[in-house]
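Listed here are the chains, written in short residue letters.
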Amino acid sequence: MRLGLLASGRGSNAQAILEAIDAGDLGATAVVLICDRQAPAMEVARRHGVPTRLLPRADFPDRLSHQTAIRDALVGAGAEVVALAGFAAILDPVVVDAFEGRILNIHPSLLPAFAGVIAPEPQRLALEAGVPSTGCTVHLVTPEVDAGPILAQAEVPVLAGDTVESLSARILAAEHRLYPATLGRFVTELSARAHQIERP
Ligand code: GRF
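Reference entry: report on the structure contained in this document. (Residues numbered from 1 in each chain as written. Predicted model: local features only at pLDDT ≥ 70, side-chain atom pairs only at ≥ 80, totals over all residues. Heavy atoms only, no water.)

## Describing the overall build of the protein
And then number 1: Of the regular secondary structure elements, the protein holds six helices and seven strands.
And then number 2: Listing every helix and strand of the protein by position from the N terminus yields β-α-β-α-β-α-β-α-β-α-β-β-α.
And then number 3: Compactness check: the protein gives a C-alpha radius of gyration of 17 Å against a globular reference of 16 Å for 200 residues, within 12% of the reference.
And then number 4: For the protein, the C-alpha atoms occupy an extent of roughly 50 × 45 × 35 Å along the three principal directions.
And then number 5: In the protein, which comprises 200 residues, the proportion classed as buried is 48%.
And then number 6: Put simply, of all contacts in the protein between residues at least 6 apart along the chain, 65% involve residues at least 24 apart.
And then number 7: Each charge class in the protein can be summarised by its mean position, and for the 16 positive and 22 negative side chains these summaries are 4 Å apart. (Helix = DSSP H or I, 4+ residues; strand = E, 2+ residues; numbered from the N terminus. Rg over C-alpha atoms; globule rule 2.2 N^0.38 Å. Buried < 20%, exposed > 50% of the residue type's maximum accessible area, 1.4 Å probe, protein only. Contact = heavy atoms within 4.5 Å. Lys, Arg positive; Asp, Glu negative; His and termini not counted. Charge placed at Lys NZ, Arg CZ, Asp CG, Glu CD.)

The structure is reproduced here in structure tokens:
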């Protein structure tokens, strides 16, 4: 299975996924990592020998042409599955429709709680709400933000004295386990389905 990655920042989830691929744990090859800004995630991809594309929003006249370029880069790289790994822009239907049911995202809360905002907002809102636990969710991307079918969740306790930073770090450690494992399962199921279609 050929995997495309979209990232905007630090790239620690991309790294966890690429490490799982390198270890042979994932049944996938990373064919491209696309960034919408100069970000450490680009360097993560380079370290793993994954081709990178930099497609900043400012280089395009409007959102649609930017997202069309992202879709074209994914299609051009032959991506079959797409993982959002800290991608900070909302995906347009032009991308979502091209990879319907094959785009995954990780969100730092137990969705549907604290949806619709990006890190570290979900962690800050969890602290503010005083919940005893929060966590992370891997879900399929649909046009409605953070509302696609949930594939897996990991619960993380909120501890006394937690700050946004300490809570985020605890959630991030859970993300690094949950995302590659869920992606691996997803890719295996998708390959099995494709195989069934080819050989009825
Ligand atoms: C993570 O908190 C993830 O849940 C959210 O964005 C952050 C990305 O971090 N979607 P990184 O770039 O993978 O380190």
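## Overview of the site of the ligand
And then number 1: Taken together, Arg 10, Gly 11, Ser 12, Asn 13, Gly 86, Ile 106, His 107, Pro 108, Ala 119 and Glu 175 form the complete shell of residues around the ligand.
And then number 2: Note that an oxygen atom of the ligand is positioned 2.8 Å from one of the backbone N or O atoms of Gly 11.
And then number 3: The backbone of Ile 106 places a nitrogen or oxygen atom 2.8 Å from a nitrogen atom of the ligand.
And then number 4: Calculation on the ligand without its partners gives an accessible area of 370 Å², and the protein chains cover 89% of this total.
And then number 5: Using a 2 Å cut-off from the grid points, one finds that the ligand occupies the largest pocket. (Near = heavy atom within 4 Å. Polar contact = N/O pair within 3.5 Å; in protein donor to acceptor, adjacent residues only side chain to side chain. Areas by Shrake-Rupley, 256 points an atom, 1.4 Å probe, with all protein chains shown as cover. 1 Å grid on protein atoms, 1.4 Å probe; cavity = no way out; pocket = protein on both sides within 12 Å on 5 of 7 lines; lining within 4 Å. Sits in = over half its atoms within 2 Å of the grid points.)

## What about the sheet that holds strand β2 (residues 29-35)?
Through backbone hydrogen bonds, the strands of a sheet pair up, either in parallel or in antiparallel fashion.
And then number 1: Judged by pairing direction, the sheet is mixed, and its seven strands sit side by side in the order β3-β2-β1-β4-β5-β6-β7 without closing on themselves. The open sheet has two edge strands with one neighbour each: β3 (52-54) and β7 (150-157). Geometrically, the sheet is characterised by an average inter-axis angle of 20° between neighbouring strands, direction not taken into account.
And then number 2: Two elements, strand β5 (residues 103-107) and strand β6 (residues 133-140), share four bridges in a ladder whose sense is antiparallel. Within the sheet, the bridge partner assigned to Ile 106 lies in β6 and is Val 138. (Pairing = 2+ DSSP bridges. Axes fitted to C-alpha atoms, helices over the stretch in contact; angles between N-to-C directions.)

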